[in-house]
Amino acid sequence: MAKSPEEEHPQKSFGWAARDSSGTLSPFHFSRRENGDEDVTIKILYCGVCHSDLHFLKNEWGVTRYPIVPGFQKRHEIVGTVIKLGKNVSKFKMGARVGVGVLVGSCRTCENCQQDLENYCPNMIFSYNSISEDGTMTYGGYSDIVVVDQWFVLRFPDNLPLDAGAPLLCAGITVYSPMKYYGMTEPGKHLGVAGLGGLGHVAVKLGKAFGLKVTVISTSPNKEDEAINKLGADAFLVSTNPVKLKEAVGTMDYIIDTVSAVHPLLPLLTLLKLNGKLITVGLPDKPLELPIIPLVIGRKLVGGSDFGGIKETQEMLDFCAEHNITADIELIKMDYINTAMKRLSKADVKYRFVIDVANSLSQ
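**Here we look at the nonpolar core**
Proteins that are soluble and globular tend to have nonpolar side chains buried together. Formed by 95 residues in total, the largest nonpolar core has its most connected members in Y142, L191, L206, I256, I337 and M341. Looking at this core, the element that brings in the most residues is strand 3 (residues 39–49), giving seven residues. What M341 contacts, discounting residues up to four positions off in sequence, is L25, V49, D53, L54, L57 and Y142. By size, the runner-up hydrophobic cluster in this structure holds 14 residues, among which are A194, I255, L271 and L278.

What follows is the structure in structure tokens.
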């Protein structure tokens, strides 16, 4: 007979979980594995909230296993301090500020893992809604503690605030990785950022830190002032304005497309120069139409990217610390999470909810 989540492991844990596709979260008692020789047990202080959480809670992708404790799966963010160390742990000390991103496991032996691309390992283990090596369910960061192999734990720079820095483990690495891989970091080049949300606003900040000219591409004219005067973009382009779009044809070297809704790609492709690159990191729930002629006659490239491996994620955190890059957040308490999910479904947040776990999670 299968054990209950509260009895599977020796370390008792507490968080909030959804039990069915209504997606409603409520208090949940479960357990974590004992801290092993290679493990780090982390007291969770803050956990970011991502739109992917919403998809998983409501089983909109058809893969959810209930009960589900969200937080840092498929682009999420958890930060805290070390409270237990395995005897073989050498990377961290007690009390260290640490973060955990998307992964808590991979095979460590395949070609992708050997290239520090654990995020593309066919046997990777996500931080929630995934099956761990012992056959039990993984639960995420909407909870008090988590136990993680030291290999998948990240050092959190001292000058990065834990709350506003937490979303970098999702939004930061999701845009940093493609910008590095596709060579979208050459100072003076022109970067378009399609969509000004959780990913897009960090892409603007990273683009400016790399020395790029940055134009935000959005359907919302009311975001122009914030994009330019608060986030530091150089220009703003309303994608529904045909006159402005025509004026911008062939002016951009790169576009990073963060839009998660279904949208046409042709207008974005026309904005690119010869040899331009359109890289998409959003996850629309239906296929997008890709026109081929603009690619051929402009020698343009369309690519995609997921999050990054552990080495690259640490590199991103260090880069953001050096350039004082954080996410713009709204700090919430755990008992506000269901309201936050409703607001998130309407894009009513600037630009990331972060749960103050340590100060609001009570049994």
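Once you've had a look at it, read on.
**Re helix 10 (residues 310–322)**
Note on helix geometry: an α-helix contains 3.6 residues per turn, so any two residues three or four positions apart are oriented the same way. For helix 10, built from 13 residues, the straight-helix expectation of 18 Å at 1.5 Å per residue is met to within 8% by its first-to-last C-alpha distance of 18 Å. Restricting attention to buried positions, one finds in helix 10 the residues I310, E312, T313, Q314, M316, L317, F319, C320 and A321. The secondary structure elements touched by the buried residues of helix 10 are strand 9 (154–155), helix 4 (171–181) and helix 5 (198–209). In the stretch just after helix 10, N324 is the one whose phi turns positive, near 55°.

**So, the sheet that holds strand 15 (residues 301–304)**
Ordered by their spatial adjacency, six strands build an open sheet running 12-11-10-13-14-15, and the pairing between neighbours is parallel. Two strands bound the open sheet, and with one partner strand each, they are strand 12 (235–238) and strand 15. Ignoring strand direction, the axes of neighbouring strands in this sheet form an average angle of 20°. As defined by bridge partners, strand 10 (residues 190–194) adjoins strand 13 (residues 252–257) across four bridges and the pair is classed as parallel. Paired with G192 across the bridge in strand 13 is I255. Its contacts with the sheet place helix 5 against strand 10, strand 11 (213–218) and strand 13, and it is angled at close to 170° to strand 10.

**A look at the pattern of salt bridges**
When the charged atoms of two side chains lie near each other, side chains of opposite charge can form a pair. Following the criterion strictly, the structure yields 15 salt bridges and no others. Here K205 and D328 are joined by a salt bridge, their closest N and O atoms 2.7 Å apart. On the criterion of sequence distance, the pair formed by K205 in helix 5 and D328 in the loop between helix 10 and strand 16 (329–332) is long-range, its members being 123 residues apart. Overall, the relative accessible area of 17% leaves K205 in the buried class.

**Description of the packing of aromatic side chains**
All chains considered together, the criterion is met by five aromatic pairs. Residues Y176 and F210 carry aromatic rings whose centres are separated by 6.0 Å and whose planes lie at 35° to one another, so their mutual orientation is tilted. You can see Y176 sitting in helix 4 and its partner F210 sitting in the loop between helix 5 and strand 11, a full 34 residues away along the chain. Neither residue differs from the other here; Y176 and F210 are each classed as buried. Considering the side-chain rings of Y176 and F319, the 5.8 Å spacing of their centres and the 55° angle between planes classify their relative orientation as tilted. With Y176 in helix 4 and F319 in helix 10, this pair connects stretches of sequence that are 143 residues apart.

Rules used in this analysis
Residues numbered from 1 in each chain as written. Predicted model: local features only at pLDDT ≥ 70, side-chain atom pairs only at ≥ 80, totals over all residues. Heavy atoms only, no water. Core = buried A, V, L, I, M, F, W, Y, C linked by side-chain atoms within 4.5 Å. Buried < 20%, exposed > 50% of the residue type's maximum accessible area, 1.4 Å probe, protein only. Helix = DSSP H or I, 4+ residues; strand = E, 2+ residues; numbered from the N terminus. Contact = heavy atoms within 4.5 Å. Expected span 1.5 Å × (residues − 1). Pairing = 2+ DSSP bridges. Axes fitted to C-alpha atoms, helices over the stretch in contact; angles between N-to-C directions. Salt bridge = Lys/Arg side-chain N within 4 Å of Asp/Glu carboxyl O. Phe/Tyr/Trp six-rings, centres within 6.5 Å; stacked < 30°, edge-to-face > 60°.

Just geometry here; none of it tells us what the structure is for.
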